[in-house]
Amino acid sequence: MTLKTLTMEWTGDCLILVDQRKLPHSKVFVHCKTFEEVAFAIKDMVVRGAPAIGVTAAFGYVLGAKQFDGKNDEFLEFMKKVRQTLASTRPTAVNLFWALDRMEKVLNESINLDRKSIIKRLEEEALKMAYEDIETNRSIGMHGQNLLKDNDTVLTHCNAGALATVDYGTAIGVIRAAVENGKKIRVFVDETRPYLQGARLTTWELVQLGIETILITDNMAGWVMKKGLVNAVIVGADRIAANGDVANKIGTYSLAVLAKKHGIPFYVAAPTSTIDLTIKDGTEIPIEERPHEEVTHVQGIRIAAEGVKVYNPAFDVTENELITAIITEKGIVKPPYSENLKKLFLR
Ligand SMILES: CSC[C@H]1O[C@H](OP(=O)(O)O)[C@H](O)[C@@H]1O
């Protein structure tokens, strides 16, 4: 079985990723034939977005198993190294660890089979995860679109579209589903400095979908809300703590505070694989800090003085009291999140 979407293609021995560092200027692809190449692709953000990172790592795990050519009793040790290499790429999106846990479980359950059968089972699990993600996103969209009315204007941040997942998207999935249900939706897209996922990726997706898209710089969001131009804010997530605190792209917290101030509903769209019940609140979520060059340069051109210091947290945490509802594939979760997120896993 194979897989081919906007974000990735699995051919059986190669994971082909659209190079999101180069979009929208050029649509080029990175071919990964080893787990090391997959790890680099995640770390350097060839591919990014919590669900996309998880499934990419799953295929990286399969490639690692295929690469092993040592003695049988060294295989498990080798696969531990594969997991460690993939797990060390980016710390915030819990989907990465959720996906690797799923792959490791299949490995442990099939370890007494011959190597070919083990690899086959691992590949089946990665493909199952990939196709599940597409269905999950469509379900998030189906639930979430009920929160939007015809002629609503939505503001979104970063990219939580098809490119951040295996396909369809989470926050953008809600917008797509509303449009597919006949609603006219307009979208304000935050450019999302410093990596510009909004300006480069979300606008590219929405324009191709024929959805009215208005690009703004991040510092315009408050004014747009104050002018009464926004009916709802919808963002993705990288990790949701047990109490409903949400880690998402840097700038999300500011949007949530502004939305509260202006009485605008603030929704988070995420699969249950992004919920991490092992951590009680957002203070425990590891926040990735990325290279200074992402701030001092834009597309390789220096914009800041030489010698300047830089602080570049890639994510922030939005406290649960600022979140109106969390949209998942199992339905819409409202406060109290500590109680209601747990219930999701009992369904
Ligand atoms: C659907 S998850 C998308 C989520 O991931 C992004 O982070 P990054 O581009 O650094 O991987 C951002 O937080 C999005 O909301």
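Residues numbered from 1 in each chain as written. Predicted model: local features only at pLDDT ≥ 70, side-chain atom pairs only at ≥ 80, totals over all residues. Heavy atoms only, no water.

J.: I would appreciate a short explanation of the pattern of salt bridges in the present structure.
T.: As enumerated under the stated definition, the model contains 23 salt bridges in all. A salt bridge links Lys4 to Glu9; the nearest nitrogen and oxygen atoms lie 3.3 Å apart. Taking the relative accessible area as the measure of exposure, Lys4 reaches 65% and is therefore exposed. Connected via shared salt-bridge partners are Asp19, Arg21, Lys22 and Asp44. (Salt bridge = Lys/Arg side-chain N within 4 Å of Asp/Glu carboxyl O. Buried < 20%, exposed > 50% of the residue type's maximum accessible area, 1.4 Å probe, protein only.)

J.: I tried to follow the packing of aromatic side chains on my own but got confused; where do I start?
T.: Aromatic rings considered in pairs are described by the distance between their centres and by the relative angle of their planes. Counted according to the given criterion, the structure contains four aromatic pairs. Ring centres of Trp10 and Phe59 lie 4.7 Å apart, and the angle between their planes is 25 degrees; this geometry places the pair in the stacked category. On the criterion of sequence distance, the pair formed by Trp10 in strand β2 (residues 8–10) and Phe59 in helix α2 (residues 50–67) is long-range, its members being 49 residues apart. On the accessibility criterion, Phe59 (0% relative accessible area) is buried. Ring centres of Phe35 and Phe78 lie 5.9 Å apart, and the angle between their planes is 90 degrees; on these two criteria the pair is classed as edge-to-face. Of this pair, Phe35 sits in helix α1 (residues 35–43) while Phe78 sits in helix α3 (residues 75–87), and the two are 43 residues apart along the sequence. Grouping residues by exposure puts Phe35 and Phe78 together as buried. (Phe/Tyr/Trp six-rings, centres within 6.5 Å; stacked < 30°, edge-to-face > 60°. Helix = DSSP H or I, 4+ residues; strand = E, 2+ residues; numbered from the N terminus.)

J.: Looking at this structure, how should I read the site of the ligand?
T.: The full set close to the ligand counts 18 residues, and Gly49, Arg90, Asp238, Asn248 and Lys249 are the nearest of them. A distance of 2.7 Å separates an oxygen atom of the ligand from a polar side-chain atom of Arg90. Within the side chain of Asn248, an N or O atom sits 2.5 Å from an oxygen atom of the ligand. Judged by the proximity of its atoms to the pocket grid, the ligand belongs to the largest cavity. Breaking the shell around the ligand down by element, the ones donating at least two residues are α2 and β10 (246–249). Among the residues making up the shell around the ligand, the classes are represented as eight nonpolar, six polar and four charged. Split by domain, the shell around the ligand shows at least three residues from each of two domains, domain 1 (3–138) and domain 2 (147–344). (Near = heavy atom within 4 Å. Polar contact = N/O pair within 3.5 Å; in protein donor to acceptor, adjacent residues only side chain to side chain. 1 Å grid on protein atoms, 1.4 Å probe; cavity = no way out; pocket = protein on both sides within 12 Å on 5 of 7 lines; lining within 4 Å. Sits in = over half its atoms within 2 Å of the grid points. Nonpolar A, V, L, I, M, F, W, Y, C, P; charged D, E, K, R; others polar. Domains from an automatic or database assignment.)

J.: Even after reading the chapter, I still don't get unusual backbone geometry, so can you show me in this structure?
T.: Trans peptide bonds make up most of the peptide bonds, and negative phi angles are found at most residues other than glycine. Cis geometry is adopted by the peptide bond preceding Pro24, which originates at Leu23 and carries an omega value of 0 degrees. Relative to the elements of secondary structure, Pro24 occurs in the loop between β3 (15–18) and β4 (29–32). The omega torsion across Arg193 and Pro194 is 0 degrees, close enough to zero to call that bond cis. When you line up the elements, Pro194 lands in the loop between β6 (186–190) and α7 (197–208). One non-glycine residue, Leu196, adopts positive backbone phi at about 60 degrees. Relative to the elements of secondary structure, Leu196 occurs in the loop between β6 and α7. In this model, Gln299 sits at a positive phi of 50 degrees, which is unusual for a non-glycine residue. By relative accessible area, Gln299 is classed as partly exposed at 48%.

J.: How do you make sense of empty space enclosed by the protein when you look at a structure like this?
T.: Where empty space is left in the structure can be found by rolling a water-sized probe over the atoms. In this structure the tally under the stated criterion is two cavities of 30 Å³ or more. In this model, the largest cavity occupies a volume close to 170 Å³. If you go around the largest cavity, you meet 22 residues; those closest to its centre are Arg48, Gly49, Ala50, Asn159 and Asp238. Secondary-structure elements contributing two or more residues to the lining of the largest cavity are α2 and β10. Residue composition of the lining of the largest cavity, grouped by class: 10 nonpolar, eight polar and four charged. Looking at the lining of the largest cavity, you find at least three residues from each of domain 1 (3–138) and domain 2 (147–344). Within this model, the second largest cavity holds a volume of roughly 50 Å³. Considering the residues around the second largest cavity, the lining is formed by Met45, Pro194, Tyr195, Gln197, Lys249, Ile250, Arg290, Glu294, Asn312 and Ala314. (Points joined across faces, edges and corners; volume = space filled by probe spheres on them.)

J.: When you look at the nonpolar core in this model, what are you seeing that I'm missing?
T.: Most often, soluble globular proteins keep nonpolar side chains buried together rather than apart. Phe59, Tyr61 and Leu122 are the most contacted members of the largest nonpolar core, which has 47 residues in total. Of all elements in the fold, only β2, β3, α1, α2, α3, α4 (95–110) and α5 (115–144) reach the threshold of two or more residues within this core. With 11 residues, the top contributor of residues to this core is α2. Within the second largest apolar cluster, 27 residues are counted, among which are Phe188, Val246, Ile264 and Ile326. (Core = buried A, V, L, I, M, F, W, Y, C linked by side-chain atoms within 4.5 Å.)

J.: Is there a simple way to explain the UniProt feature "binding site: substrate" (unreviewed entry) in the protein in this structure?
T.: What UniProt calls "binding site: substrate" (unreviewed entry) maps, in this numbering, to Arg48, Gly49, Ala50, Arg90, Gln197, Asn248 and Lys249. Restricting the annotated residues just mentioned to those that line the largest cavity leaves Arg48, Gly49, Ala50, Arg90, Gln197, Asn248 and Lys249. With respect to the element layout, Arg48 can be found in the loop between α1 and α2. Among the polar contacts made by the side chain of Arg48, one reaches the side chain of Gln20 at a distance of 3.1 Å. Relative to the helices and strands, Arg90 resides in the loop between α3 and α4. Excluding its chain neighbours within four sequence positions, the residues that come into contact with Arg90 are Ile42, Lys43, Met45, Arg48, Ile53, Leu96, Phe97, Lys249, Glu288, Arg290 and Phe315. Side chain to side chain, Arg90 and Glu288 meet in a polar contact 2.9 Å long. (UniProt positions renumbered as here; feature names shortened; annotations may be inferred. Contact = heavy atoms within 4.5 Å.)

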